[in-house]
Amino acid sequence: MKPYRSMLFVPGHKAAWADKGVASGADALILDLEDSVPEADKVQARFTTAATIDRLRNVGVRPELWVRANPADTGLLAGDLEAVVRPGLRGLFLAKICTAADIVRLDGVLTHLEERDGLPPGAIELIVSYETATSMAHCEEIAAASPRVASLLGATGPSADVGRSLGFEFTPAGLESLYLRSRLILAARSNGIQHPVAGVWQDIRDLDGCRTFCEDNRRLGYRGLVAIHPSHVAIANEVFAPSPDQVDEARRMIAAFRAAEASGSAAVDFEGQHIDIAHVKTAEAVIALSEAITAAV
C-alpha cells in the first residue's frame, strides 16, 4: 500500500461530497457504506458509490479510492461487493472483522470477483479496523490472514465500538488504549505491513487536539490518519510527512557515515551522536518515505 498521510471518510450516498474530499488534499478517500449512511439509503448508496468510483477514475483524481462496506452480519456485504469491486477501487476498509477466518472467506470472494471481472489478482487490498474485544485478541492472526491486508487501525475514539466492547473510557492522552495501539503496531510490522494508520479524531473543532493525536500516534509507529472531517486532512498531511529538516539531517547523516566507511570506520561521531549502519538504515527509510509521499502527490 502507498503511504497515506490522510484517508478521509466520505458518505457513499452523497456523491457531491466526494468532490469536497478530493479538494481537501487527502491521499485517499474512503467512500462509506456503513455508519454514515441511513438504513433506508444503504442499498442505493452502493450504486451511488459505484458511480462515484467510475466518475473519479475517468477524470484521473489523485486520491486513491477505498470503500467501507457493511459488515457480513448485516446481510449487505455481498451486495456491496458486487456493486463496488471494479476498476478504480483500491481496496476495502473492513468494519467489525472478528477472526482470521473472516479475512480468509473474504479473500476467496474477492479472488472470484477479480477473475470474473478481469481485475489483476490481488488488486483489491484490505484495511482492517479492529473494533471488538475478539478482534483485538486475534489481531496478529488477522493481520497475517491474507497478503491483501495492507493496513490496520483500531482502539481509539470516544464512545465508539471498541471502547464499548473493551470497557475503556477514551481520553485524549490515550493511556487507556496505549497497549492496544502498540499491539496493533506489532501485529502490522511483524507481518510486513509498513503503513498502519491511526484513527479517528472525533472532535471536529479541536484542531490542536487533532494535531497532538496525530503526533502521539506517529511516535508510536503509525504512518497516517483516518479522518472524518476535511479540516483534519492538512494537519495529518503535515504531521505524517518527514519535515525538510528531518530529510536534510538524514542526508547529512548518510554522507557522514559513507565518508567514515570509506576511511575504514563502521561508526562515526555525527554532530555529537554516535551512529552506525543501523542509524543509516533508519535515515534511508526517512528519505524513502519522503520521496514516496512526494511521488504520490
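You'll find the structure just up there.
Residues numbered from 1 in each chain as written. Predicted model: local features only at pLDDT ≥ 70, side-chain atom pairs only at ≥ 80, totals over all residues. Heavy atoms only, no water.

## Comments concerning the environment of Ala100
By secondary structure assignment, the location of Ala100 is in helix α4 (residues 100–117). Separated by 128 residues in the primary sequence, Ala100 and Ile228 place their C-alpha atoms 27 Å from one another. Filtering out sequence-adjacent residues up to four positions away, Ala100 remains in contact with Glu141, Ile142 and Ala145. (Helix = DSSP H or I, 4+ residues; strand = E, 2+ residues; numbered from the N terminus. Contact = heavy atoms within 4.5 Å.)

## Notes on the side chain of Ser290
Relative to the helices and strands, Ser290 is located in helix α12 (residues 277–296). Given the relative accessible area of 16%, Ser290 is considered buried. Contact partners of Ser290, with chain neighbours within four places excluded, come to Pro242 and Val247. (Buried < 20%, exposed > 50% of the residue type's maximum accessible area, 1.4 Å probe, protein only.)

## Considerations on the pairing of strand β4 (residues 89–94)
Buried residues dominate β4, accounting for 5 of its 6 residues. Strand direction decides the pairing type here: strand β3 (residues 64–68) and β4, joined by 4 bridges, are parallel. Paired with Leu65 across the strands is Leu89, a residue of β4. By the bridge criterion, 4 bridges tie β4 to strand β5 (residues 125–130) in an arrangement that is parallel. Paired with Leu94 across the two strands is Val128, which belongs to β5. Each parallel crossover has a hand, and the one from β4 via α4 to β5 is right-handed. (Pairing = 2+ DSSP bridges. Right-handed = clockwise from strand over helix to strand, strands pointing away.)

## A few points about the packing of aromatic side chains
Working definition: an aromatic ring pair is given by the centre-to-centre distance plus the angle between the planes. The final tally for this structure, using the stated rule, is 4 aromatic pairs. Measuring from centroid to centroid gives 6.2 Å for Tyr4 and Trp66, while their planes differ by 90°, and the two rings are edge-to-face. With a gap of 62 residues between them, Tyr4 in the segment before β1 (6–11) and Trp66 in strand β3 connect regions that are remote in the sequence. When sorted by exposure, Tyr4 lands in the same class as Trp66, which is buried. Pairwise contacts between aromatic rings join Phe170, Trp201 and Phe213 into one cluster. (Phe/Tyr/Trp six-rings, centres within 6.5 Å; stacked < 30°, edge-to-face > 60°.)

## Details of the nonpolar core
Grouped together as the largest cluster of nonpolar side chains are 61 residues, with contacts concentrated most on Leu92, Val128 and Tyr130. In terms of residue count, the dominant contributor to this core is helix α8 (residues 178–189) (5 residues). Those residues in contact with Leu92 that sit more than four places away from it in its chain are Trp66, Val67, Leu81, Val84, Leu110, Ile124, Glu125, Leu126 and Ile127. (Core = buried A, V, L, I, M, F, W, Y, C linked by side-chain atoms within 4.5 Å.)

## Overview of the pairing of β1
The two faces of the sheet receive side chains in turn, since in a regular strand these alternate between them. Across the 6 residues that make up β1, a large majority, 6, are buried. With burial as the criterion, each face of β1 is covered, one bearing Ser6, Leu8 and Val10 and the other bearing Met7, Phe9 and Pro11. Where β1 lies against strand β2 (residues 28–32), 5 bridges are found, and the strand directions are parallel. From the neighbouring strand, Met7 faces β2, where its bridge partner is Ala28. Note that the unit made of β1, helix α1 (residues 15–23) and β2 has a crossover that is right-handed.

## Concerning the pattern of salt bridges
Inspection of every chain in the model, using the stated rule, returns 25 salt bridges. Note that Arg68 and Glu34 form a salt bridge whose closest N and O atoms lie 3.3 Å from each other. One end of the pair, Arg68, is in strand β3; the other, Glu34, is in the loop between β2 and α2 (42–58), with 34 residues separating them in the sequence. The same class applies to Arg68 and to Glu34, which are both buried. For Lys96, the salt bridge identified is with Glu34, shortest N-O distance 2.9 Å. Taken together, the residues Lys96 in the loop between β4 and α4 and Glu34 in the loop between β2 and α2 connect sequence positions 62 residues apart. Its relative accessible area of 28% is what places Lys96 among the partly exposed residues. (Salt bridge = Lys/Arg side-chain N within 4 Å of Asp/Glu carboxyl O.)

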